[in-house]
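# Reading the structure
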Amino acid sequence: MGGMNHNKFPAFGIALLAILLLTAGCEPQSRFVKKTAFKGSHDIIITFAAPVDAAWATDTAHYRVYEKPDPDIRLEVASSSLSKNGHEVRLHFQEELNQDQPHMVTVKNIMSGGKSLGTTVVKVKKLYLSFLFSILIGAMLIQNFVFTKYLGLCVFFGTSQKKSTAVGMGITFTIVMVFSAMMSWALYQFVLKPYHLDYLQIIVFIGLVSLSVQAVDTVLRKVNPLLFKAFGVYLVLVIANCIIMAVPLILADNEYNAWESLMLSLGAGLGFLVALFLMSSVRERLELANVPRTYRGLPIAFVVAGLFALAFLGFSGMSIF
Amino acid sequence: MDLSLIKLAIGGLALLGCIGLFFGIGLALAAHKFAVEVNPKVEEVLEVLAGAQ
């Protein structure tokens, strides 16, 4: 019975992921406009379902483009060109496009085969999956919670002495993180917000975190007693970990949706795993190194963490896609 | 005082309470299912020790 459940669960997950892939980024567009996309930093490509007239397509007066938040600011189309098969129109802009904002393009009076097909408004935006991916990488490396925000240091220094413990802690932490963040997201969106109980969010989030930690504690004690012993007091300390409290608050603040929340919590957990792994690798070597007596143990660990933070500063200001 | 606001607050608190109760029962069941036998002597020894730490 248990084995069957184990087999069913990944299949269900894959099915869910497939649905996400199919629906993500799909926006109801006009029937005649098949696809819109950014191309490079200065161009927008509009793909039509059938060839359009060249004389119509190359006249820039037929396009009106603005960023979705500022309908008053029109972006000047410098030139437009038609592809050889007549399906694709490429709008070229003098200025660089801000691809973080969706753009609205009004296509006036589309002419195809000598017939007018009316005016339509289409939306151009970055692929949603890449946005999700950028949240994941952002939380994991660029804005690593340990090295750039200095959160969760207690557990970080406590369990990074041995590589095996560190990896175990990182994985457990990621599971607890995703579990509690998703629950707190759902609770915030569907209970706290509709009932105007936002001011209770910290108490509710603490309750949810301690719930998931208690669940992991109960299960791990039975399933893997060795790892449980290695964690010692730090497993319970996860309750008071700043990262695990910070993520639900960030989610509530930014009004993220379910997938974005999943990516942020996963990124935060994996970022913590990466930080623990790096740190434990160094600390295992420090055991053998000839460290001055005053620096032995935690002091040198803090120095190393500072150096890591400096290295991670190299990621700052980076943006993906 | 607006009656609808009071209704909203009571409804929210009742819902939160129900969720708490649900998770509490869930944890209790999990603790029952994953129970680990602890040697009763361990606790007796701990009781006798000073226990400052």
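Look up: the structure comes first, before these words.
Residues numbered from 1 in each chain as written. Chains lettered and ligands numbered in written order. Predicted model: local features only at pLDDT ≥ 70, side-chain atom pairs only at ≥ 80, totals over all residues.

### Considerations on the pairing of strand 7 (residues 103-107) of chain A
The two faces of a sheet get side chains in turn, since along a regular strand they alternate between them. All names here are of chain A. Going residue by residue along strand 7, you find H103, V105 and V107 tucked away on one face and M104 and T106 left uncovered on the opposite face. For strand 3 (residues 63-67) and strand 7, the ladder comprises five bridges, and the chain directions are antiparallel. Among the inter-strand pairings, V65 is bridged to a residue of strand 7, identified as V105. Sheet topology note: the strand 7/strand 10 (residues 120-124) ladder contains five bridges and is antiparallel. Bridged to T106 within strand 10 is V121. (Buried ≥ 20, exposed ≤ 12 C-beta atoms within 10 Å, placed from the backbone. Helix = DSSP H or I, 4+ residues; strand = E, 2+ residues; numbered from the N terminus. Pairing = 2+ DSSP bridges.)

### As for unusual backbone geometry
Note on backbone geometry: most residues besides glycine have negative phi, and most peptide bonds are trans. Residues and elements named next belong to chain A. In this model, Y150 sits at a positive phi of 55°, which is unusual for a non-glycine residue. Considering the arrangement of structural elements, one finds Y150 in the loop between helix 3 (128-142) and helix 4 (153-158). Unusually for a residue other than glycine, E255 sits at a positive phi of about 55°. Position of E255 among the secondary structure elements: in the loop between helix 9 (242-254) and helix 10 (258-286). Assessed through the 10 C-beta atoms surrounding it within 10 Å, E255 is described here as exposed.

### Some words on the packing of helix 6 (residues 201-223) of chain A against helix 9 of chain A
All names here are of chain A. Packing of helix 6 against helix 9 leaves a shortest axis separation of 10 Å and a crossing angle of 130°. Judged by the inter-axis angle, helix 6 sits oblique to helix 9. In terms of crossing hand, the pair formed by helix 6 and helix 9 is right-handed. Judged by residue contacts, Q201, F205 and V209 of helix 6 engage I244, M245, P248 and A252 from helix 9. Residues of the contact of helix 6 with helix 9, tallied by class, amount to six nonpolar, one polar and no charged. (Axes fitted to C-alpha atoms, helices over the stretch in contact; angles between N-to-C directions. Parallel < 35°, antiparallel > 145°, perpendicular 65-115°, else oblique. Left-handed = near helix turned anticlockwise from the far one by under 90°. Contact = placed C-beta atoms within 7 Å. Nonpolar A, V, L, I, M, F, W, Y, C, P; charged D, E, K, R; others polar.)

### Structural notes on the sheet that holds strand 6 (residues 88-93) of chain A
Residues and elements named next belong to chain A. With antiparallel pairing, four strands are arranged side by side in an open sheet as 1-2-6-5. Two strands lie at the open edges of the sheet, namely strand 1 (33-39) and strand 5 (77-82), each paired on one side alone. Taking the axes of each pair of neighbouring strands and ignoring which way they run, one obtains an average angle of 20° across the sheet. Bridge analysis of strand 5 against strand 6 gives five bridges, and the strand direction is antiparallel. By the bridge assignment, S79 is partnered in strand 6 with H92.

### Looking at helix 9 of chain A
Residues and elements named next belong to chain A. Over its 13 residues, helix 9 extends 18 Å from the first C-alpha to the last, a length consistent with the 18 Å expected when each residue adds 1.5 Å. Within helix 9 the residues assigned to the buried category are I243, I244, V247, P248, L251 and A252. On its buried face, helix 9 sits against helix 5 (163-192), helix 6 and helix 10. After helix 9 finishes, the residue E255 shows a positive phi value of roughly 55°. (Expected span 1.5 Å × (residues − 1).)

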